[in-house]
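Secondary and tertiary structure notes
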There are 2 protein chains.
Amino acid sequence: MSVLETTVLETINSPEDVKKLSLEEMNILADEIRKGILNRVNLIGGHLGPGLGVVEATIALHYVFNSPVDKFVFDVSHQCYPHKMLTGRKEGFTSPIEHSEISGYFNYNESPHDPFMIGHTSTSVSLATGMAKARDLKGEKYNVIALIGDGSLSGGEAFEGFNNSSVLGSNFIVIVNDNEMSIAENQGGLYKNLKELRESNGTCSNNWFKAFGFDYIYVEEGNNIQVLIDTFKKVKDVDHPIVVHIHTLKGKGYAPAVEHKESGHWSMPGLLNKAEDSGNYEIPECYETITKDYILNKVKEDKSVIAVNAATPGVFWWDSEFRNKLGKNYTDVGIAEQHAVAYSSGLAKNGAKPIFGVMTSFIQRSYDQLSQDLALNNSPATILVYWGGISSADATHLGLFDIPLICNIPNIVYLAPTCKEEYLRMLDWSVEQQNYSVAIRVPTCEYISTGVEDTTDYSVLNKYKVAERGSKVAIIALGDFFGLGQSVKDELKSSLGIDATLINPRFISGVDEELLNSLKSDHSVVITLENGILSGGFGEKISSFYGNSSMKVLNYGAKKEFIDRVPMDELLTSYRLKKELIADDIKSIL
Amino acid sequence: MSVLETTVLETINSPEDVKKLSLEEMNILADEIRKGILNRVNLIGGHLGPGLGVVEATIALHYVFNSPVDKFVFDVSHQCYPHKMLTGRKEGFTSPIEHSEISGYFNYNESPHDPFMIGHTSTSVSLATGMAKARDLKGEKYNVIALIGDGSLSGGEAFEGFNNSSVLGSNFIVIVNDNEMSIAENQGGLYKNLKELRESNGTCSNNWFKAFGFDYIYVEEGNNIQVLIDTFKKVKDVDHPIVVHIHTLKGKGYAPAVEHKESGHWSMPGLLNKAEDSGNYEIPECYETITKDYILNKVKEDKSVIAVNAATPGVFWWDSEFRNKLGKNYTDVGIAEQHAVAYSSGLAKNGAKPIFGVMTSFIQRSYDQLSQDLALNNSPATILVYWGGISSADATHLGLFDIPLICNIPNIVYLAPTCKEEYLRMLDWSVEQQNYSVAIRVPTCEYISTGVEDTTDYSVLNKYKVAERGSKVAIIALGDFFGLGQSVKDELKSSLGIDATLINPRFISGVDEELLNSLKSDHSVVITLENGILSGGFGEKISSFYGNSSMKVLNYGAKKEFIDRVPMDELLTSYRLKKELIADDIKSIL
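1. Here's the deal with the overall build of chain A
- Secondary structure summary: chain A contains 23 helices and 18 strands in total.
- In summary, chain A has a C-alpha radius of gyration of 26 Å against a globular reference of 25 Å for 590 residues, a match within 12%.
- With respect to the principal axes defined by its C-alpha atoms, chain A has extents near 80 × 55 × 50 Å.
- Evaluated residue by residue, chain A yields a buried proportion of 60% over its 590 residues.
- Across chain A, contacts joining residues at least 24 apart in sequence account for 78% of those joining residues at least 6 apart.

Here it is as structure tokens:
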């Protein structure tokens, strides 16, 4: 793992240095930036295709505009690596030891060239509109530029941003980076219009951007530095909102990412120039594979079952084979989580059986739809929430917040399975029942199969399962922290000689009052374990329940904080989520 | 209050009866429906202009289509009164005693002609898309029709619905009811396109709907029953998605609502044909008026202060005079809460001082923006949350959920003032500080001025205020339940002889650990009072804090349930939010 050698990039310490380059040097720089992206992604993984596609555009932007006086807002940050390399952070791409110092996302803690921390899609136009309006209120003069990919256009927030920014009445530049792809394929009618625009060199009669009143320029050669420089010079200091629609090649410069745009969008480390680049991985049985098998089998017997997702099929390994097999029983709504939930409600209310797969950090987009469109209507849809839990992820992609988000909404049954057998039973129960909106938190820790069939009737709501009955201390271990609960029980036995009760609550969204009351007779301490934020979560409800009694309750989970790439062990220690620490706490109050 | 006498309407018990009418009878029916709307709104208040504008369209829809086999989804429900009158619920409009039996919103509990309960905007297209897809999966044949007002088009969820429904590939009809108004004026570039479409009779080159690939018909005479019937017949059983853009007159048939479209959108009871119809009310000093005064004064001295709202300025009494005075220091983003939060973040991050006013039930639209766009970026914006609290409102407009929604997001300081002086101090602190994203829960109960200036430095976070120090029992009374806390204290004194401690926490989003620890020495019971849902809220955090001690904690607030127009007294009794009931509870555990 040696430091990447570059000739032009090594001279670039700020955008000022870009402005000094000849075209020839800029083209060399483009090659070196691509090498930097590949270098980093191969070592620590990351977004590949998006950055490769905007190398020329980023060079041209920094050549023409004057960051950080001019303000850039890059949507979702998937394409920000070239920008980072040109704004004093090239070592994050060329030098192995600094790779993980520099995040993969826009991050205002890193650089004044990143005005925000950004990791969710479709936010750039709205954020930039606010910046432009602040500039105007303060009587300042500079350019505000949002760069947004075609895929991000499908999110409602982007639309709201376009609708409002178009009437700003002052300088505002939106670069639409059209690489003909979202994370997976683009979805929706808007993309037919983009195609028409590309095919007509921007001249077709219907123009979605012009329909808002935006001025508009189309650039077919979106990977040509000189053409881009000429265009950006033309729009610099414009006195009104304008869209510059550039056509780029996602993955440019790395053939596998050009050929396989979906698997080349983001790559795990160590995969570059390996056979696996095709995206066809053999994966061992896990929650993702059994979910796919379940859905495929179910659709065979019931044509009203439909798998829904919002632009991230790869997260659940819903690969093209799976999608093709499902055919019309599959909908990718694109980046449109609000629609996904409302659509699922409509499906369920009219007799279909939707299964909506979604990542924890993106279900956040649809709180109101979960409440108003789904739960208030008791629509019997199934939502599979993936990637929930404490992790060392970027601050924008934490899986910590879904429990308070979902379990405090009336009418939603939120379930936390602890093993394969429970998961499949819950999933099938949810799909077949007609009375409740159901969400299931797909475990993220170890994949566990007990081999014991689960025959629970989950229609009997909020019935916790006593895994082992003991006394003095009861451990309520939610979902994929059941294993931790087991180890705490063992620790209490070995270190304190206590036979603790171990409970698998299964229901995140309700309290088993009967069971909790029954514990009062021979328990003095209850602890709760949850793999998420404590604030507003599951454990606090147990504490509240016991408030009028002498039962002591300790809640374990994550603190209310945005953590950014903190090592797991550090987090678990900080949150005292270790069997020895928990046993110590219990000992101190017994 | 007599029963409204009608000649045609009285014969209509279901849409089948509409199909039997002559054009002449339908025109009489239109008049009688209008009388029904006015009759109801005058008696119990409600949405006035929207329903008056779609009387003809609703008659024509029920004449041509076959509800409930054909499925109607009415966006936001502001315009559903005529639909209710034609679907077996006319007594809710003609007979005073049944007025409040029938809700003002789409409600599946009332009728199979309302497939959903709906009260938030911009949801219809997505919900209907799901219904249409379910129909297709099941091989059924009928029409699915969404009716959406021009104002609702600005919400991101509507856009996501348009983008996805346009590629449905089967029967799908969207009636765009264009009355040239949102709740207040429409906002954004899209509305220039609607104007062009109206002015060109639907033929202008840029067409926002066609840009998605929708088939499209324009109907200028949107209040002409025969024209509408002819049009709807043309699109009935269409095999692809189509937009029928009808131009209607908001408030038609009631001059004051036509002339004053904003104040005529929704009316309080008893105002019809009164001088107040102009919308110019004299209102006594209240949180709304002092907020307006504060903003106006602040803007005079600081041009970077800006008031932001999302389509509901009337809720805060931000009338046209206020808006005009603010000029460029005011932004209405239209129905676009996601944008409003991200825009506020952009404003704050670039040095402006945004004050975003929003209703509790609509801030729900922006959970992800509050988390990712605002809080993660520590953008020092101020959000004023209005109408939070327990009420006998419709299930779609409950103010119960903002505390768990906001206070569990890291980095947001959520404040609960108890009086005018605290409120103004918090507001000014928030506007002037640069370190935190701040939300303030504007009290909804009694307006209280203590006359004592508040000089607190709210930068010292999570410092609760001990209003009166006693012993044995501590009452932590949040925000506008501080008055209830006072009365509980009095009750404990008179009925149990206890001098309780009374605490005004002021900070919803944090726990004052030092104070809570100090209570342990001479208190055995702590109670919490909050005007919102308990689940995930403030009180549970206090319970959790005391979990390792012998302190007993009782949490008072609303249950996790969607309540629909339940009388306040019934709710307060059910939630034991009465001083005598609380005193009884305390007595039982002392």
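2. Some details on the sheet that holds strand E11 (residues 382-386) of chain A
Residue and element names in this part refer to chain A.
- Pairing is parallel in the open sheet, where six strands are placed in the order E9-E8-E10-E11-E13-E12. Here the strands that pair on one side only, and so sit at the sheet edges, are strand E9 (330-332) and strand E12 (412-415). When strand polarity is set aside, the average angle formed by the axes of neighbouring strands in this sheet is 20°.
- When E11 meets strand E13 (residues 437-441), the two strands line up parallel, connected through four bridges.

3. As for the interface of chain B and chain A
- If you look at the interface, chain B gives 97 residues, while chain A gives 97 residues.
- Counting only elements with at least two residues in the side of chain B that touches chain A, the list comes to helix H7 (124-137), helix H8 (156-165), helix H9 (190-199), helix H14 (337-349), helix H16 (367-374), helix H17 (402-407), helix H21 (539-545) and strand E18 (552-558) of chain B.
- Looking at the side of chain B that touches chain A element by element, the count peaks at ten residues for H7(B).

4. Structural notes on the sheet that holds E18(B)
Residues and elements named next belong to chain B.
- Read from one edge of the open sheet, five strands run E14-E16-E15-E17-E18, paired in mixed fashion. Of all the strands in the sheet, just strand E14 (465-468) and E18 have a single pairing partner and so form its edges. Between one strand and the next, the sheet's axes are offset by a mean angle of 25°, whatever the strand orientation.
- Examined bridge by bridge, strand E15 (residues 472-477) and strand E17 (residues 523-533) share six bridges and lie parallel to one another. Counted as the bridge partner of Ile475 is Ile527 from E17.
- Relative to E15, helix H19 (residues 482-496) is tilted by about 160°, and along the sheet it contacts E15, strand E16 (501-504) and E17.
- In the packing of helix H23 (residues 579-589) onto the sheet, contacts are made with E15, E17 and E18, and the angle to E17 comes to roughly 150°.

5. Re the packing of helix H4 (residues 55-64) of chain A against helix H10 (residues 225-235) of chain A
All names here are of chain A.
- It is the contact of H4 with H10, at a shortest axis distance of 9 Å, that shows an interaxial angle of 40°. The orientation of H4 relative to H10 falls into the category oblique. The handedness of the crossing between H4 and H10 is right-handed. Counted together, Glu56, Ala57, Ile59, Ala60, Leu61, Tyr63 and Val64 of H4 and Ile225, Leu228, Ile229, Phe232 and Lys233 of H10 form the full contact between these two elements.
- Its residues placed into classes, the contact of H4 with H10 shows ten nonpolar, no polar and two charged.

6. Description of the relation of the copies chain B and chain A
- Between chain B and chain A, the superposition needs a rotation of 180° and an axial shift of 0.0 Å, giving an RMSD of 0.0 Å. Such a combination of turn and shift is consistent with a two-fold rotation axis.
- Looking at chain B, 100% of its interface residues are interface residues in chain A too, so the copies touch through the same face.

7. A word on the nonpolar core
- A:Ile475 and B:Ile475 are the most contacted members of the largest nonpolar core, which has 362 residues in total.
- Not counting residues within four places of it along the chain, the set of residues in contact with B:Ile475 comprises B:Gly485, B:Val488, B:Lys489, B:Ala500, B:Thr501, B:Leu502, B:Ile503, B:Ile527 and B:Leu529.

8. Details of the domain arrangement of chain A
- Segmenting chain A into domains produces domain 1 (9-267), domain 2 (287-441) and domain 3 (465-589).
- Computed over C-alpha atoms, the centres of domain 1 of chain A and domain 3 of chain A are 46 Å apart.

9. A word on the pairing of E15(B)
Residues and elements named next belong to chain B.
- When you tally the buried positions in E15, you get five out of six residues, the bulk of the element.
- Strand direction decides the pairing type here: E15 and E16, joined by three bridges, are parallel. Its bridge partner lying in E16, Ile475 is registered against Leu502.
- With H19 bridging E15 and its parallel neighbour E16, the resulting β-α-β unit is right-handed.

10. What about the confidence of the model for chain A?
- Confidence in the prediction of chain A, expressed as mean pLDDT, is 96, and 98% of residues score 70 or more.
- In the predicted assembly, ipTM is 0.97 and pTM is 0.97.

11. Regarding the environment of A:Leu577
Residues and elements named next belong to chain A.
- Examined against the element boundaries, Leu577 turns out to sit in the loop between helix H22 (568-574) and helix H23 (579-589).
- The exposure class assigned to Leu577 is buried, which follows from the 21 C-beta atoms found within 10 Å.
- Remark: the alpha-carbon pair of Leu577 and Leu52, spanning 525 residues in sequence, is separated by 40 Å.
- Sequence-distant contacts of Leu577, that is, excluding residues within four places in its chain, are made with Leu484, Tyr556 and Leu572.

12. Structural notes on helix H14 (residues 337-349) of chain A
Residues and elements named next belong to chain A.
- For H14, spanning 13 residues, the distance from its first C-alpha to its last is 18 Å, which sits close to the expected 18 Å at 1.5 Å a residue.
- Buried residues dominate H14, accounting for 13 of its 13 residues.
- Downstream of H14 by one or two residues, Gly351 has phi in the positive range, about 95°.

13. Overview of the packing of H14(A) against H7(B)
- Interaxial distance between H14(A) and H7(B) falls to 6 Å at its minimum, and their mutual angle equals 45°. Compared by their axis directions, H14(A) and H7(B) come out oblique. For H14(A) against H7(B), the interelement crossing comes out right-handed. Touching A:His339, A:Ala342, A:Tyr343, A:Ser344, A:Ser345, A:Gly346, A:Leu347 and A:Lys349 of H14(A) are B:Ser126, B:Leu127, B:Ala128, B:Thr129, B:Gly130, B:Met131, B:Lys133 and B:Ala134, all from H7(B).
- Taken together, the residues of the contact of H14(A) with H7(B) sort by class into seven nonpolar, seven polar and two charged.

14. Here we look at unusual backbone geometry
Residue and element names in this part refer to chain A.
- The omega torsion of the bond from Ser67 to Pro68 falls at 5°, within 30 degrees of zero and hence cis.
- Inspection of the secondary structure puts Pro68 in the loop between H4 and strand E2 (71-74).
- Even without being a glycine, Trp317 presents a positive backbone phi close to 60°.
- Within the secondary structure, Trp317 sits in the loop between strand E8 (305-309) and helix H13 (320-326).

15. Here's the deal with the pairing of E13(A)
All names here are of chain A.
- Across the five residues of E13, five count as buried, placing the element largely inside the fold.
- Across the two faces of E13 the burial is the same, with Ser437, Ala439 and Arg441 and Val438 and Ile440 all buried.
- Each parallel crossover has a hand, and for E12 linked through helix H18 (residues 420-432) to E13 it is right-handed.

16. Examining the environment of A:Thr501
All names here are of chain A.
- Summarising the element assignment, Thr501 is placed in strand E16 (residues 501-504).
- The spatial distance from the C-alpha of Thr501 to the C-alpha of Ala467 is 7.6 Å, given a sequence separation of 34 residues.
- Those residues within four positions of Thr501 in sequence are excluded, and the remaining contacts are Val466, Glu468, Arg469, Gly470, Ser471, Ala474, Ile475, Leu519 and His523.

17. Some points on the environment of A:Val55
Residues and elements named next belong to chain A.
- Inspection of the secondary structure assignment puts Val55 in helix H4.
- The sequence separation of Val55 and Gly388 amounts to 333 residues, and the corresponding C-alpha distance is 34 Å.
- Discounting residues that sit within four places of it in the chain, Val55 has contacts with Ala30, Ile33, Arg34 and Pro82.

18. With respect to helix H7 (residues 124-137) of chain A
Residues and elements named next belong to chain A.
- Taking 1.5 Å as the rise per residue, H7 with 14 residues should run 20 Å; its terminal C-alpha atoms sit 20 Å apart, in good agreement.
- With respect to burial, H7 is a largely interior element, 13 of its 14 residues being buried.
- After H7 finishes, the residue Gly139 shows a positive phi value of roughly 70°.

Rules used in this analysis
- Residues take numbers from 1 onward in each chain, read along the sequence in its written order.
- Numbering of ligands from 1 and lettering of chains from A proceed in the order in which they are written.
- Confidence filtering applies because this is a predicted model: local features only for residues at pLDDT of at least 70, side-chain atom pairs given and counted only at 80 or more, and all residues used for totals across whole chains, interfaces and linings.
- Numbering of helices and strands runs from the N terminus, with a helix taken as a DSSP run of H or I at least four residues long and a strand as a DSSP run of E at least two residues long.
- Each radius of gyration reported is based on C-alpha atoms, and the globular scaling rule is 2.2 Å times the count of residues to the power 0.38.
- Exposure classification rests on a simple neighbour count of other C-beta atoms within 10 Å of a residue's own: a residue reaching 20 or more is buried, one at 12 or fewer is exposed, and one in between is partly exposed. C-beta atoms are placed from the backbone.
- Two residues form a contact once the distance between their C-beta atoms, set from the backbone, is within 7 Å.
- Pairing between strands is defined by DSSP: at least two bridges between the two strands are required.
- As a rule, the C-alpha atoms of each element are fitted with a line to give its axis, helices using only the stretch in contact, and angles between N-to-C directions run from 0 to 180 degrees.
- Any angle that is under 35 degrees is reported as roughly parallel, and any over 145 degrees as roughly antiparallel; angles of 65 to 115 degrees are reported as roughly perpendicular and all others as oblique.
- Here a crossing is taken to be left-handed if its near helix is turned anticlockwise relative to the far helix by less than a right angle, and right-handed if that turn runs clockwise.
- Three classes are used, and their members are as follows: Ala, Val, Leu, Ile, Met, Phe, Trp, Tyr, Cys and Pro are nonpolar, Asp, Glu, Lys and Arg are charged, and the others, Gly among them, are polar.
- Copy-to-copy alignment: least squares on C-alpha atoms, limited to residues at pLDDT 70 or above in both.
- Residues of type Ala, Val, Leu, Ile, Met, Phe, Trp, Tyr and Cys that are buried and joined through C-beta atoms within 7 Å form what is called a nonpolar core.
- Residue ranges for the domains originate in an automatic or database domain assignment.
- A crossover counts as right-handed when, viewed with the strands pointing away from the observer, the path leading from the first strand over the helix to the second turns clockwise.
- Residue-level confidence of the predictor is what pLDDT reports, using numbers from 0 through 100.
- Here the expected length of a helix is defined as 1.5 Å per residue gap, with one fewer gap than residues.

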